[in-house]
Amino acid sequence: MQPAADDPHTRTALEGYRAGALRWLVGGAIAVVLAVLLGAVAVSLADDRGRPVPLAGLVVVALAVGGACAVAAGLGALARATRWRRALSAVPWQRGLLRIAGPAIVAFEPEGYDEWDPDDEPVRLRLVSTSVWRTRQVQALDGGEVRAAPVGGGQWVLAAEGLPTLFGARTARRPR
């Protein structure tokens, strides 16, 4: 079988995911640099005027903290994209149906799944993304055909025709 990473749609989606990660990383770095520069300007102005610049400290802290968070998010996404690329070059896509079981819980039913067979269970997954728009995109796929691939450590990658991105998920605990 052909590895998932050899699929042109997968390559494009991985590059898009990687580009998004780089945008977060670079944007965060720019925010941190701006915080340092703005802090230096605010201190210089305060020395010249003899009084502090209103709200400058708050803006500097917001830029620095927001930038640091964006850098962390970008680094995490970049590491995830690299790990996914490596894993998808070793495993093929599995086709199946996606069922929504909760706000961020999905069940992947691979081809050949028999819901009437008590020994056959779907793969229960919890979406990794915390963004609402990504969760809603997956929820819109309820009952639709998707492709999924295990990428190690109880993690999976989901993709669907017509969507230009990949979705990460972890195996979910069984409901009690």
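Residues numbered from 1 in each chain as written. Predicted model: local features only at pLDDT ≥ 70, side-chain atom pairs only at ≥ 80, totals over all residues. Heavy atoms only, no water.

Visitor: I keep staring at the pattern of salt bridges and nothing clicks. Help me out?
Guide: One side chain can pair with another of opposite charge once the charged atoms of both are near each other. Counting across every chain of the model gives five salt bridges. Taking the shortest distance from any N to any O, the salt bridge between Arg147 and Asp7 comes out at 2.8 Å. One end of the pair, Arg147, is in strand 4 (residues 145-152); the other, Asp7, is in the segment before helix 1 (8-49), and 140 residues separate them in sequence. By the burial criterion, Arg147 is buried, and Asp7 matches it. (Salt bridge = Lys/Arg side-chain N within 4 Å of Asp/Glu carboxyl O. Helix = DSSP H or I, 4+ residues; strand = E, 2+ residues; numbered from the N terminus. Buried < 20%, exposed > 50% of the residue type's maximum accessible area, 1.4 Å probe, protein only.)

Visitor: Is there a simple way to explain the packing of aromatic side chains in this structure?
Guide: Describing an aromatic ring pair means giving the distance of the ring centres and the angle of the ring planes. Per the stated rule, a full pass over the model turns up two aromatic pairs. Look at Tyr17 and Trp84: their rings are 4.9 Å apart centre to centre, the planes differ by 40°, and that puts the pair in the tilted class. Pair noted here: Tyr17 is in helix 1 and Trp84 is in helix 2 (residues 56-88), with a separation of 67 residues, a long-range link. Assigned by exposure class, Tyr17 and Trp84 land together as buried. (Phe/Tyr/Trp six-rings, centres within 6.5 Å; stacked < 30°, edge-to-face > 60°.)

Visitor: Looking at this structure, how should I read the packing of helix 1 against helix 2?
Guide: The geometry of a pair of packed helices is captured by two quantities: the angle between their axes and the separation between those axes. Running from N to C, helix 1 and helix 2 cross one another at 160°; their axes reach a closest spacing of 7 Å. Comparing their axes, helix 2 and helix 1 come out roughly antiparallel. Where helix 1 crosses over helix 2, the handedness of that crossing is left-handed. The residue makeup of the contact of helix 1 with helix 2, split by class, is 27 nonpolar, five polar and four charged. (Axes fitted to C-alpha atoms, helices over the stretch in contact; angles between N-to-C directions. Parallel < 35°, antiparallel > 145°, perpendicular 65-115°, else oblique. Left-handed = near helix turned anticlockwise from the far one by under 90°. Nonpolar A, V, L, I, M, F, W, Y, C, P; charged D, E, K, R; others polar.)

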